[in-house]
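# Understanding the architecture of this molecule
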Amino acid sequence: MNPVIGLDVAKGESQVQAYLERKKPYKKSFKVKHDLDGLASLLDFIKEIEDISGERPPLVMESTGHYHKPVVQYFEDRGYLIIIVNPLISYKAKNSSLRKVKTDIIDANHLCELYYKEDLEPYKKRGIQLLNLRNLTRQHDNITEIVVQTKLQFQAVLDQVFPEYSKVFGSLYSDVSLLTLQAFPTSEEVLKADNETLTTKIKEFCNTRSLQWAKKQAEKLLAASAQNPFQKNLYFSLILSLDMYIKMLLEYKKHLSMLEDEIDALAKSIEEYEIIRSIPGVGEKIAATIISEIGEIERYNHPKKLVAFAGIDPTVFESGTFKGTQNRITKRGSSRLRQTLYMAVKCAIRDCRKQKTTDEIIPRNKRLRAFYDKKREEGKPYKVALIANKLLHWIYALLKNKSIFQDLA
């Protein structure tokens, strides 16, 4: 016998179907909850199949983001083989039938049938460190997106209250800028205060700068207030919104700073991080994201599999005598890894000064820049020349050999 169990995973529960061998389902399909009682009942069912077949069945399920994680952890701790299927593969198998029917029971059956038809690779557990790093980098990206939206809303309100304020400080979103605006949100309140009061407040908000600097900023603030078209604010709702957005931005900055410290500390304890950081142009955040998204390099036995995981492999379309020439990348893999690689290439080929004391300009990554220039000379468009396929092949080789990057002299 060759038993298998298919699990159609959903939020908080799974549909279960067992097969003793190909085209021989065992009992009717049923649902189990993802709590200890539900998973324990599933374990009893699996042991029943073990007694009948004399073999321990693997568990096949689709990758569902995070819904499948309780099941994976529970049964992996008990030594069961887990197979997590790419949804694209299972979707293709489901649509091979002429009938268009979609239920949880049918999906669980399809997963069992897929096990017998395809050569599926077992799930390889990523290291706890890599999983933690991936969670932290993704959380950092999520909060960064929220911050961008908050800044846009903040700017829209500021334009209706104090548009000239953006000229006062070098960075509108620095702590001292936001705290000063929170204390003096309108031209009227700024003009009521004298230069000495403003200087004292600004110095209080930024102790690292000199009193002379604070005095200069106070003068700029007074000048901006005098030029502000809204000398009197008629809408208290805008002041409330401005104060709310300032508080939100300050809190988000604290959270991002905390996440960055955690990411930095965790990444430095992982061997692969220093290997990726050896590539010129790849910064700390980019390196941490790349290794957390790739996971354990042992999961890939060929660089093309890693390229496919990132979704930057070209599509191929041929039919009869026709051969497609406009081949785009598949975009079927990890979008975060793909976006991060794109940013890494942009940073790596960018020019920079060799030394601050000279005007000599050199690319950050000579080897990658040479490849990019070659593609541009061949007539490739900018985004095509920037394709991260080459960089990902290098990353694969470096991680496999545990060696650092060697740039051109």
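### Describing the pairing of strand β4 (residues 59-62)
- Residue alternation in β4 divides its side chains into two sets, Leu59 and Met61 and Val60 and Glu62, and both sets are buried.
- Examined bridge by bridge, strand β1 (residues 4-10) and β4 share 3 bridges and lie parallel to one another. Counterpart to leucine 7 in the pairing with β4 is methionine 61.
- Where β4 meets strand β5 (residues 82-85), 4 bridges bridge the pair, whose relative direction is parallel. The residue bridging methionine 61 from the neighbouring strand is isoleucine 84, located in β5.
- Crossover handedness for the path β4 to helix α2 (residues 69-76) to β5: right-handed.

### What to know about the sheet that holds β1
- Sheet architecture is open: 5 strands sit in the order β3-β2-β1-β4-β5, paired in mixed fashion. Because the sheet does not close on itself, it has two edges, and the strands there are β3 (24-33) and β5. When the angles between neighbouring strand axes are averaged without regard to direction, this sheet yields 20°.
- The pairing of β1 with strand β2 (residues 13-21) spans 7 bridges and is antiparallel. Looking at β2, one finds that aspartate 8 is bridged to glutamine 15.

### Thoughts on the packing of aromatic side chains
- Tallying each qualifying case throughout the model produces 12 aromatic pairs.
- In this structure an aromatic cluster arises from ring pairing among Phe162, Tyr165, Phe169 and Trp213.
- Its guanidinium or amino end placed over the ring of tyrosine 80, arginine 56 lies 4.0 Å from that ring's centre, counting from NZ or CZ.
- The ring of phenylalanine 309 carries the charged tip of arginine 299 above its face, separated from the ring centre by 5.5 Å.

### Here's the deal with the nonpolar core
- Ile294, Leu341, Leu392 and Ile395 are the most contacted members of the largest nonpolar core, which has 41 residues in total.
- Within the residue set of this core, elements represented by two or more residues are α5 (128-161), α10 (236-268), α11 (271-277), α12 (284-294), α13 (303-310), α14 (335-349), α15 (366-377) and α17 (389-401).
- Phe154, Leu172, Ile202 and Tyr245 belong to the second largest nonpolar core, which has 35 residues in total.

### Comments concerning helix α1 (residues 36-53)
- With 18 residues, α1 extends 26 Å between its outermost C-alpha atoms, agreeing within 8% with the 26 Å of an ideal straight helix rising 1.5 Å per residue.
- Buried within α1 are the following residues: Gly38, Leu39, Leu42, Leu43, Phe45, Ile46, Ile49, Glu50 and Ser53. In an axial view of α1, the angular spread of the buried residues amounts to 165°, which keeps them on one side of the axis. Facing away from the buried side of α1, by more than 90 degrees, are the exposed residues Leu36, Asp37, Asp44 and Asp51.
- Taken together, the buried residues of α1 touch β1, β2, β3, β4 and α2.
- Two residues or fewer after α1 comes glycine 54, characterised by a positive phi angle close to 80°.

### So, the pattern of salt bridges
- Counted under the stated rule, the structure contains 15 salt bridges.
- Residue arginine 336 is joined to aspartate 141 by a salt bridge in which the shortest nitrogen-to-oxygen separation is 2.3 Å. With arginine 336 in helix α14 and aspartate 141 in helix α5, the pair connects residues that are 195 residues apart, well separated along the chain.
- Look at arginine 336 and you get buried, because its relative accessible area is 15%.
- When its relative accessible area of 24% is taken as the criterion, aspartate 141 is described as partly exposed.
- Between glutamate 251 and lysine 254 there is a salt bridge, with the nearest N and O atoms lying 3.5 Å from each other. Note that glutamate 251 and lysine 254 are positioned in helix α10 at a spacing of 3 residues, about one turn of the helix.
- For glutamate 251, a relative accessible area of 37% corresponds to the partly exposed category.

### Topic: the packing of α1 against α2
- With their axes 11 Å apart at the nearest point, α1 and α2 run at an angle of 55° to one another. Viewed along their axes, α1 and α2 adopt a mutual orientation that is oblique. For the crossing formed where α1 meets α2, the hand is right-handed. Across the interface between the two elements, Leu36, Leu39, Ala40, Leu42, Leu43 and Ile46 of α1 pack against Pro70, Val71, Tyr74 and Phe75 of α2.
- Class assignment for the residues of the contact of α1 with α2 results in 10 nonpolar, no polar and no charged.

### What to know about the environment of arginine 22
- Among the secondary structure elements, arginine 22 is positioned in the loop between β2 and β3.
- Along the sequence, arginine 22 and lysine 117 sit 95 residues apart, while their C-alpha atoms lie 9.2 Å from each other.
- In this view, arginine 22 contacts Tyr116 and Lys117; residues no more than four positions away in its chain are not counted.

Conventions adopted
Residues numbered from 1 in each chain as written. Predicted model: local features only at pLDDT ≥ 70, side-chain atom pairs only at ≥ 80, totals over all residues. Heavy atoms only, no water. Buried < 20%, exposed > 50% of the residue type's maximum accessible area, 1.4 Å probe, protein only. Helix = DSSP H or I, 4+ residues; strand = E, 2+ residues; numbered from the N terminus. Pairing = 2+ DSSP bridges. Right-handed = clockwise from strand over helix to strand, strands pointing away. Axes fitted to C-alpha atoms, helices over the stretch in contact; angles between N-to-C directions. Phe/Tyr/Trp six-rings, centres within 6.5 Å; stacked < 30°, edge-to-face > 60°. Lys NZ or Arg CZ within 6 Å of the ring centre and 35° of its normal. Core = buried A, V, L, I, M, F, W, Y, C linked by side-chain atoms within 4.5 Å. Expected span 1.5 Å × (residues − 1). Arc of directions from axis to C-beta. Contact = heavy atoms within 4.5 Å. Salt bridge = Lys/Arg side-chain N within 4 Å of Asp/Glu carboxyl O. Parallel < 35°, antiparallel > 145°, perpendicular 65-115°, else oblique. Left-handed = near helix turned anticlockwise from the far one by under 90°. Nonpolar A, V, L, I, M, F, W, Y, C, P; charged D, E, K, R; others polar.

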